[in-house]
Each structure stands twice: as C-alpha cells, then as structure tokens.
Amino acid sequence: MGSSRLRVFDPHLERKDSAALSDRELPLPTFDVPYFKYIDEEDEDDEWSSRSQSSTEDDSVDSLLSDRYVVVSGTPEKILEHLLNDLHLEEVQDKETETLLDDFLLTYTVFMTTDDLCQALLRHYSAKKYQGKEENSDVPCRKRKVLHLVSQWISLYKDWLQEDEHSKMFLKTIYRNVLDDVYEYPILEKELKEFQKILGMHRRHTVDEYSPQRKNKALFHQFSLKENWLQHRGTVTETEEIFCHVYITEHSYVSVKAKVSSTAQEILKVVAEKIQHAEEDLALVAVTFSGEKHELQPNDLVISKSLEASGRLHVYRKDLADTLNPCAENEESQQRPLRILGMNTWDLALELMNFDWSLFNSIHEQELIYFTFSRQGSGEHTVNLSLLLQRCNEVQLWVATEILLCNQLGKRVQLVKKFIKIAAHCKAQRNLNSFFAIVMGLNTASVSRLSQTWEKIPGKFKKLFSELESLTDPSLNHKAYRDAFKKMKPPKIPFMPLLLKDVTFIHEGNKTFLDNLVNFEKLHMIADTVRTLRHCRTNQFGSDMSPKEHQELRAYVNHLYVIDSQQALFELSHRIEPRV
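Residues numbered from 1 in each chain as written. Predicted model: local features only at pLDDT ≥ 70, side-chain atom pairs only at ≥ 80, totals over all residues. Heavy atoms only, no water.

1. A short note on the pairing of strand β4 (residues 282-288)
Note on strand geometry: in a regular strand, side chains alternate between the two faces of the sheet. The condition that has to hold: Each residue gets one of three labels from its accessible area relative to the maximum for its type: buried under 20%, exposed over 50%, partly exposed in between, using a 1.4 Å probe on protein chains only. For helices the rule is a DSSP run of H or I covering at least 4 residues; for strands it is a run of E covering at least 2, with both sets numbered from the N terminus onward. Strands are labelled as partners when DSSP assigns at least two bridges between them.
Within β4, six of the seven residues are buried, which leaves it mostly tucked inside the rest of the structure. The pairing of β4 with strand β6 (residues 311-317) spans seven bridges and is antiparallel. Counted as the bridge partner of L282 is R317 from β6. Bridge analysis of β4 against strand β5 (residues 293-295) gives three bridges, and the strand direction is antiparallel. Residue V287 lies in a different strand from β5, and its bridge partner there is K293.

2. Topic: the sheet that holds strand β9 (residues 561-563)
Threshold: Fitted lines through C-alpha atoms give the axes, limited to the stretch in contact for helices. The angle between two N-to-C directions lies from 0 to 180 degrees.
Strands sit in the order β5-β4-β6-β2-β3-β9 across an open sheet of six strands; the sheet is mixed. One side of each edge strand has no neighbouring strand; the edge strands of this open sheet are β5 and β9. Taking the axes of each pair of neighbouring strands and ignoring which way they run, one obtains an average angle of 40° across the sheet. Pairing between strand β2 (residues 241-247) and β6: two bridges, direction parallel. The partner of Y247 across the bridge, within β6, is H314.

3. Observations regarding the packing of helix α24 (residues 496-509) against helix α25 (residues 520-530)
The condition that has to hold: The labels follow the angle: roughly parallel below 35 degrees, roughly antiparallel above 145, roughly perpendicular from 65 to 115, and oblique for the rest. In this analysis, two residues are considered to be in contact whenever any of their non-hydrogen atoms come within 4.5 Å of each other. Residues are sorted three ways: Asp, Glu, Lys and Arg are charged, Ala, Val, Leu, Ile, Met, Phe, Trp, Tyr, Cys and Pro are nonpolar, and all the rest, Gly among them, are polar.
At a minimum axis distance of 9 Å, the contact between α24 and α25 shows a crossing angle of 175°. As judged from the angle between their axes, α24 and α25 are roughly antiparallel. Seen from α24, the contacting residues are L499, D502, V503, I506 and H507; seen from α25, they are K522, M525, I526, T529 and V530. Grouping the constituent residues of the contact of α24 with α25 by class yields six nonpolar, two polar and two charged.

4. Here's the deal with the packing of aromatic side chains
Spelled out, the test is: Two aromatic rings, drawn from Phe, Tyr or Trp (for Trp, its six-membered ring), form a pair once their centres lie within 6.5 Å of each other, and the interplanar angle then sorts them: stacked below 30 degrees, edge-to-face above 60, tilted otherwise. In this analysis the charged atom, NZ for Lys or CZ for Arg, is taken to sit over a ring once it is within 6 Å of the ring centre and within 35 degrees of the ring normal.
The final tally for this structure, using the stated rule, is 14 aromatic pairs. With 6.3 Å between their ring centres and 65° between their planes, W398 and Y556 make a pair best called edge-to-face. One end of the pair, W398, is in helix α17 (residues 383-404); the other, Y556, is in helix α27 (residues 551-558), and 158 residues separate them in sequence. Both residues of the pair, W398 and Y556, count as buried. Three or more aromatic residues joined by ring pairs form one cluster here, namely F435, F436, Y481, F485 and F495. For the cation-ring pair, R391 lies above F355, with the distance from its terminal atom to the ring centre recorded as 3.8 Å.

5. Observations concerning the sheet that holds strand β7 (residues 513-514)
The strand order β1-β8-β7 describes an open sheet built from three strands, whose pairing is antiparallel. Every interior strand has two partners, whereas the edge strands, β1 (73-74) and β7, have only one. The strands that α25 touches are β1 and β8 (517-519); relative to β8, the one it contacts most, it runs at about 30°.

6. Observations concerning the pairing of β2
Extensive coverage of β2 is indicated by the burial of six of its seven residues. In this structure, the hairpin formed by β2 and strand β3 (residues 252-259) is closed by a connection of four residues.

7. Some words on the confidence of the model for the protein chain
Worth spelling out the cut-off: As a per-residue measure, pLDDT tells how confident the predictor is, with possible values from 0 to 100.
Within the protein chain, residue pLDDT values average 78, and 72% of them lie at 70 or more. Low pLDDT (under 50) marks residues 1-69, which in the prediction has 103 contacts with non-local residues, meaning those over four places away or in another chain. When the criterion is pLDDT under 50, residues 213-236 qualifies, and its contacts beyond four places in sequence or with other chains add up to 50 contacts.

8. Examining the packing of helix α16 (residues 365-373) against α17
Direction vectors running N to C along α16 and α17 enclose 80°, while the axes themselves pass 8 Å from each other. Here α16 is positioned roughly perpendicular relative to α17, judged by the angle of their axes. Along the contact surface, α16 presents E367, L368 and F371, while α17 presents V383, N384, L385 and L389. Classifying every residue of the contact of α16 with α17 gives five nonpolar, one polar and one charged.

9. Describing unusual backbone geometry
Going from P490 to P491, the amide bond is cis rather than trans, its omega being 5°. Secondary-structure assignment places P491 in the loop between α23 (475-487) and α24. The backbone of L476 shows a phi angle near 55°, a positive value even though the residue is not glycine. Mapped onto the secondary structure, L476 falls in helix α23. What makes L476 exposed here is its relative accessible area of 69%. The phi dihedral of D515 is positive, around 55°, even though this residue is not glycine. Examined against the element boundaries, D515 turns out to sit in the loop between β7 and β8. We classify D515 as exposed; its relative accessible area is 61%.

10. Details of the environment of S386
Tracing the backbone through its elements, the reader meets S386 in helix α17. The exposure class of S386 is partly exposed, given its relative accessible area of 31%. As a C-alpha pair, S386 and L368 span 18 residues in sequence and 10.0 Å in three-dimensional space.

11. Thoughts on helix α9 (residues 189-199)
Spacing of three or four residues puts side chains on the same side of an α-helix, whose turn is 3.6 residues. Heads up, the condition is: An arc is given here, and it is the one of the directions from the helix axis to the C-beta atoms.
Looking only at α9, the buried set comprises E191, L192, F195, Q196, I198 and L199. In an axial view of α9, the angular spread of the buried residues amounts to 165°, which keeps them on one side of the axis. Opposite the buried face of α9, at more than 90 degrees from it, the exposed residues are K190 and K197.

12. Some details on the environment of E467
With respect to the helices and strands, E467 occurs in helix α22 (residues 459-471). Separated by 43 residues in sequence, E467 and A424 have C-alpha atoms that sit 9.5 Å apart.

13. Some words on helix α28 (residues 566-576)
Taken as a whole, α28 has its buried residues at A568, L569, L572, S573 and I576. All buried residues of α28 project into a common sector of 140° when viewed along the axis, lining one side. Opposite the buried face of α28, by more than 90 degrees, sit the exposed residues Q567 and R575. Looking at the buried positions of α28, the neighbouring elements they touch are α17, α18 (409-428), α20 (445-448) and β9.

14. So, the environment of S565
We apply this condition: For the purposes of these results, a polar contact is taken to be a pair of N or O atoms within 3.5 Å, where, inside protein, one atom must be able to donate a hydrogen and its partner to accept one; residues adjacent in sequence count only when each atom of the pair is a side-chain atom.
Here S565 shows up in the loop between β9 and α28. Here the alpha-carbon distance between S565 and H251, two residues 314 residues apart in the chain, equals 5.8 Å. Among the polar contacts listed, one links the side chain of S565 to the backbone nitrogen of A568, at a separation of 3.1 Å.

Structure follows, in structure tokens:
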C-alpha cells in the first residue's frame, strides 16, 4: 500500500470515490479484496489511535483509503476501544463516529454478552491510565466518553435493561462511580444530572454535596434506594400483550390481542361478541394435544406463552358441557361476510393501520438482530416482531376466510371488490404490511381459483388490482416495492417479512467472524438495514385517525375470525364453486 501504517479497507470507496479514481484508471477495491484487520497485539496498539485526518490536497489511492479509516474487523475489546477513542463530546457529533457507535450498540449482542460489555465499560471508566500514556487532563474526557456511550445504550435499549440483572447492577455501580468523581472532576456534573434523570432520582444535588466532607455510606445507601428506574417491576410481564387464538371449530379461531393477565371471563366476552353468541351460553376450555379438556373458571388466568406448545383454547356451548363438543359451523358464521359489506372501506383500512402501527411502533430495533441470529432465548426478545409477522399472516387468512364463507355469488363479488379497495387504501395510508397481506390473501389459491367470481369483477377493479399486484412483484429483488416505498414519507409501515429477508441475506452471505475477529463491516450492513425502522417511525400517525363512533369497526378489526387450515379453505372453495 506504500505505507507502513495499517489501514482498513472500506468497500464504500467503490461507490463514493469512483469518480476520483477513474481518471487514473486505477483498479477499484472490490469485496474480493482481503479485509485489512485491526491487530489485537500489544505492539500494534498504536494503530488503533492513528486515525488519519482528511486531506484535500493528496488524492492518491493511499490517501483516499486513509480518509476512510473505519472499523472493518477486530476483537470486541479493540472495537470498543477504537470507538471510545473516536468519540467527540461536542454538541454536533461526527456523523461517521455516531454511526459506528449506533452500529456497535445495535449489534454487540452478536459477539459479546451484556455482562462483558458492562465489565469492559467499567474498566475503561475506572482505568488510572489509558493506553499507558494518558495525561491527567484527559481522564475526565475519557470518563465522559464512557458515560456518553452508556447514555446512548440506555436510550436504545430502554425497558429491556430493566429485565437484565447485569445491566441494573452495572448502572448502579457506574452511577456511584460518577458520584465519587464529580467533586474532583466538576465537568462530570452534566453527565451526573443526565444519569439522575434516566434513573428517576427524586432529588437533585450540587457539586458541593459530593465533597469529601459530605460523602458517607449513608448517603450512598440513600441514593441506591431512590433508583426507581432500576427497581424490578413485576407488572411488565402482566401488561405484555400477545395474540390468543380461541378456536370456534377445529380449524377456525378468533384472534384476540390480550394482556398476559387477562382472565377467562375477559377473553370469553370478546369471543362471544365476535361470534354473536350470548356469553352466558358459552364456556372457555383448555384442550391439550393429548385430548384432555379442562373448563376454565371466570377468574382463571388463561394467557400463557407456553400454551400453544401444550394445547389450545376452545369455546364450547355450555348446554353441551358434558360432552364438550365444540361449536359447529352454524348459520351465524355463514352470515358473517355480510357485516363487512356494510363497512366503510377507508375507515376499515384506517383501523387496520392503527392496529398495525401499535404493533410496529412497539418493535425494538434489536428484535431484528435477535430474530436473524437466533440466539439462545431469542424468543423473549422478539415478542413484538413476532406479533406483527403473525398479524400479517392472519390478515391474509382473514381475507380468504371472509370470501370463502360467502355462499352467494353476488355478495362474493362485492367482497372481492371491497378487499381490492381496502388494499388500495392501505397503500395510500402507507401501511405496506396489511397491503401485502390483503393482496396475498386475494391471490391465495383457494380464492384465485374462483373463476365465476373473478369473471364478474368489473374491468376497472381488475385493472386496479393488477396495478396493486405489480407492487408485490418479487422480480429484481422486489424493485417495484422498494422504489415505491422509498418515495413514501414517514410515518410508514414496511412489509416486515421482506425487511427480515434483507437482514437474513446479509447474515447468511457474510461470515460473522474473519480469522477469529468480528466482521464489523457485516454488522454495519445489518445495522444500516435495521435502521429502516427508525426512519419509518420518524413521525407518528395521528391518534385520532378513527372517530369514536367506530368502536364496532375497531372491535371487528382487532379480533379477526380466520380459518387457519389450507385444506379447510380449499374445501370451502370447491363447495361454493365446484370444479367443472
């Protein structure tokens, strides 16, 4: 490379600096070029602190590479060290450094545990000397950098840290360290106030109160008791919501989004309203896969994350409690599609958007990381993402269910037209998750085979549906969707399965470790894709999107009735339009 200084190859050079290099006809770097690595050895430590400054005078290839001195791979410890070295504490942060910090915080769980990160940050904060040659004046600066990183970490992970004992202990420890240091280094008072705000302290203190004459163990004990943010909150899991499937028949269920603390009576009330049965005539029964049945009492807590693994919930008629036969398909279920025909399509799309937005807005960015890397216990960290994916699948089934339960050809044609309009409204409202689900529902084999129905769809609706379908075309890596989505302003809801596919492709197409060093360039690409969520949520949808008088509409959308068996859907399809 013409220099003894170690440099790191940056693939982005090919894109960003091709114009500068083309005049010299020099070969551009490609992904085939071996990665240069940060070396985790004592005699190479200086390379980590030798970040080259930009130069506008020398535009050689060697200089261009120096200007783009970024982390491509390294050990976790060295990546963190480099990150802290490069942090700026001014109000306006260096954009590349902030991106590197965000990349690190989003993806660190891939290559180190939270406990490892906490211990490393404590070492950096408490070290007497840094890299063996730190001036005394640099000590508070280093401490502030660590505290800045911790603040960003807390901001990114929010409530997740409340459930992690290592994180809570770390925050208590580093907070007490700041209390210890603020009298000697008054410049830390700003960071101390920030910590007090984050930890929910009841009172504020001045630097004088941290003087050696005023500090004592009783004071520290008092502080530890006031750390409300760190107190374990048992209500977190109780207020957590999951989808509860209550089966009406063997293959059809009502989807109920309910709190983990919901009782049998609360669940039964929702289901009774949905299927238009008197609540007092019904019973909620837990049925195991082995066939054992247990009737639940009104105050029983029925929601369990492990329920689906061991069995499922059914609704039975109370007057048949002895035999516990499930509700059979009845006339009421055949009349269900008539209800949706009387609903305003724009308002129905708004309610779908409100529901999806509540799920999408609850997803932590790190859920995509956990979901992709399938780390042990990742199920606990992907709850919100799993709910939105499940919702997408249920909307698709809902569309097919409503159409196939309609026996009358004329009404069925009206339903298909209705769903085409709802899909168009979802697109207009920038809810691409439900948009895709509805289009896929209309394209389900059991629906698309209904030739008599589709023949009677007016030409303008067929043309509109064709235009909507083109956005779901997977050719050229979903180019039509990507181009349209890019033009949409936030807030907007992406088609989550495709976003997950992008992250998965990056993961499976690149090694996480290169020669036992973390391939940080791969993690940067993943983090960059994950940040799509942040961009989509730059703004918020209005909370009054749907009028209060639409309570019935909201209840309809919030608790979809679906048939989850493709075989059952095909049987219905052949029943209403037999094969000629």
